[in-house]
Amino acid sequence: MNTALVVVDVQNDFCSGGPLAVPDAEGVVPVVNALMERFRHVILTQDWHPPGHVSFASSHSGRRVHARLPTPFGEQILWPDHCVADTTGAALHAGIRVPSAAAVLRKGVHHGADAYSAFFENDGLTPVGLDAMLRVRSVRAIVLAGLATDYCVLHTALDARRLGYEVTVIEAGCRGIDLDGSLAEARKRMALAGVQRDWPAEEDVARRLG
Ligand code: VGL
Ligand code: ZN
């Protein structure tokens, strides 16, 4: 069975000094680099928002960061401005050694829709493109690493399970935001959905996943 590595949102704005810095985000870089050498199919995602995106608190007057905005599809958490298309903040972390054969998929590109998952926008319906990219490669299992465990990794993992993929999350290659207990909640939801967890450190990646 073909397996793909999906590297989620290892971008400057989620790393230290960024507006939406995930604690110890840089810790994923060596693990992700080691993982990428082991997979024939590598897809990297980028959070890629237009200026004034609906997910930015600054787009809603009087709303603060981390406020929850009701939408027809559930709550939209409001974030600091981040990963604006074509900015340095949206670029992949400079330490990521992107293989020449890797594919890049951008998500959250529509002004009025957020997309945590690389499969569907947050309406749960509008495709982002990962399913099609996996299908053309005859991939039925994915391995996930990146940022953030409790948002974009979580929702990509849950959608993958919903579509019937086998899913493994590499804990050593992920870091979470942990907003109001969201990290523990994410681990619970992934376990219930049948997402596997694995913890190889950088030096163990080759041995464990090779
Ligand atoms: C993410 C919050 C907002 C993520 C993206 O990559 O997990 N989180 N946009
Ligand atoms: Zn975002």
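Please refer to the structure placed before this passage.
Throughout what follows, the structure given in this document is the object of discussion.

What counts, and where the lines are drawn
- Residues numbered from 1 in each chain as written.
- Chains lettered and ligands numbered in written order.
- Predicted model: local features only at pLDDT ≥ 70, side-chain atom pairs only at ≥ 80, totals over all residues.
- Heavy atoms only, no water.
- Helix = DSSP H or I, 4+ residues; strand = E, 2+ residues; numbered from the N terminus.
- Contact = heavy atoms within 4.5 Å.
- Areas by Shrake-Rupley, 256 points an atom, 1.4 Å probe, with all protein chains shown as cover.
- Donors = N, O, S within 2.8 Å, 3.2 Å for Na, K, Ca; no water.
- Tetrahedral: all angles 85-135°; square planar, octahedral: opposite > 155°, others 65-115°.
- Buried < 20%, exposed > 50% of the residue type's maximum accessible area, 1.4 Å probe, protein only.
- 1 Å grid on protein atoms, 1.4 Å probe; cavity = no way out; pocket = protein on both sides within 12 Å on 5 of 7 lines; lining within 4 Å.
- Points joined across faces, edges and corners; volume = space filled by probe spheres on them.
- Nonpolar A, V, L, I, M, F, W, Y, C, P; charged D, E, K, R; others polar.
- Pairing = 2+ DSSP bridges.
- Axes fitted to C-alpha atoms, helices over the stretch in contact; angles between N-to-C directions.
- Core = buried A, V, L, I, M, F, W, Y, C linked by side-chain atoms within 4.5 Å.
- Polar contact = N/O pair within 3.5 Å; in protein donor to acceptor, adjacent residues only side chain to side chain.
- Phe/Tyr/Trp six-rings, centres within 6.5 Å; stacked < 30°, edge-to-face > 60°.

### Let's talk about the overall build of the chain
Counting secondary structure elements, the chain contains five helices and eight strands. Listing every helix and strand of the chain by position from the N terminus yields β-α-β-β-β-β-α-β-α-β-α-β-α. Expressed along its principal axes, the backbone C-alpha trace of the chain runs to roughly 50 × 35 × 30 Å. Summarising the internal contacts of the chain: among those between residues at least 6 apart in sequence, 74% fall at separations of at least 24. Put simply, the chain shows about 9,400 Å² of open surface, and 51% of that area lies on carbon and sulfur atoms.

### Details of the coordination of the zinc ion (ligand 2)
In this structure, Asp47 (OD), His49 (NE2) and His82 (NE2) serve as the protein donors to the zinc ion (ligand 2), at separations of 2.0 to 2.2 Å. Of note is the zinc ion (ligand 2), whose four donor atoms meet at the metal with angles of 86 to 172° in an arrangement that counts as irregular. Each donor residue of the zinc ion (ligand 2) lies on the same chain, and together they follow the pattern D-x1-H-x32-H. Here aspartate 47 and histidine 49 have matching classes, each one buried.

### Quick word on empty space enclosed by the protein
By the definition in use, this model includes one cavity of 30 Å³ or more. As for the largest cavity, its lining consists of 15 residues, of which Phe14, Leu20, Asp47, Tyr151 and Cys152 are closest to the centre. Looking at side-chain class alone, the lining of the largest cavity contains 10 nonpolar, two polar and three charged residues.

### As for the sheet that holds strand 5 (residues 103–107)
Reading across the sheet, the six strands line up as 5-2-1-6-7-8 and stay open at both edges, with parallel pairing between neighbours. Strands at the two margins of the open sheet, each flanked by one partner only, are strand 5 and strand 8 (196–198). Mean inter-strand twist for the sheet, computed between neighbouring axes without regard to direction, equals 25°.

### Concerning the layout of surface pockets
The space that makes up the largest pocket amounts to roughly 620 Å³. Phe73, Glu75, Tyr116, Asn122 and His155 are the residues nearest the centre of the largest pocket, which is lined by 32 residues in total. Counting residues per element, the ones that place at least two in the lining of the largest pocket are strand 3 (68–71), strand 4 (74–77), helix 3 (149–162) and helix 4 (182–192). No other element matches helix 3, which puts six residues into the lining of the largest pocket. Residue classes in the lining of the largest pocket are distributed as 12 nonpolar, nine polar and 11 charged.

### Some details on the nonpolar core
Core analysis: the largest hydrophobic core is formed by 63 residues, its most contacted members being Leu134, Ile142 and Leu144. Examining the composition of this core, we find that seven residues originate from one element, helix 3, more than from any other. Beyond its immediate chain neighbours, meaning those up to four positions away, isoleucine 142 contacts Thr3, Ala4, Val6, Phe119, Leu134, Ala160, Glu166, Val167 and Thr168.

### Description of the environment of aspartate 24
One can find aspartate 24 in the loop between strand 1 (2–8) and helix 1 (28–36). Classification of aspartate 24 as partly exposed rests on a relative accessible area of 48%. Distance in space between the C-alpha atoms of aspartate 24 and glycine 176 is 8.9 Å, their sequence separation being 152 residues. There is a polar contact of 2.9 Å between the side chain of aspartate 24 and the side chain of arginine 175.

### As for the packing of aromatic side chains
All told, the structure shown has three aromatic pairs when counted by the stated rule. Ring centres of tyrosine 116 and tyrosine 151 lie 5.6 Å apart, and the angle between their planes is 70°; this geometry places the pair in the edge-to-face category. Linking tyrosine 116 in the loop between strand 5 and helix 2 (130–136) with tyrosine 151 in helix 3, this pair joins segments that are 35 residues apart in sequence. Both residues of the pair, tyrosine 116 and tyrosine 151, count as buried. Aromatic side chains phenylalanine 119 and tyrosine 165 sit 5.7 Å apart centroid to centroid with 35° between the ring planes, which places their arrangement in the tilted category.

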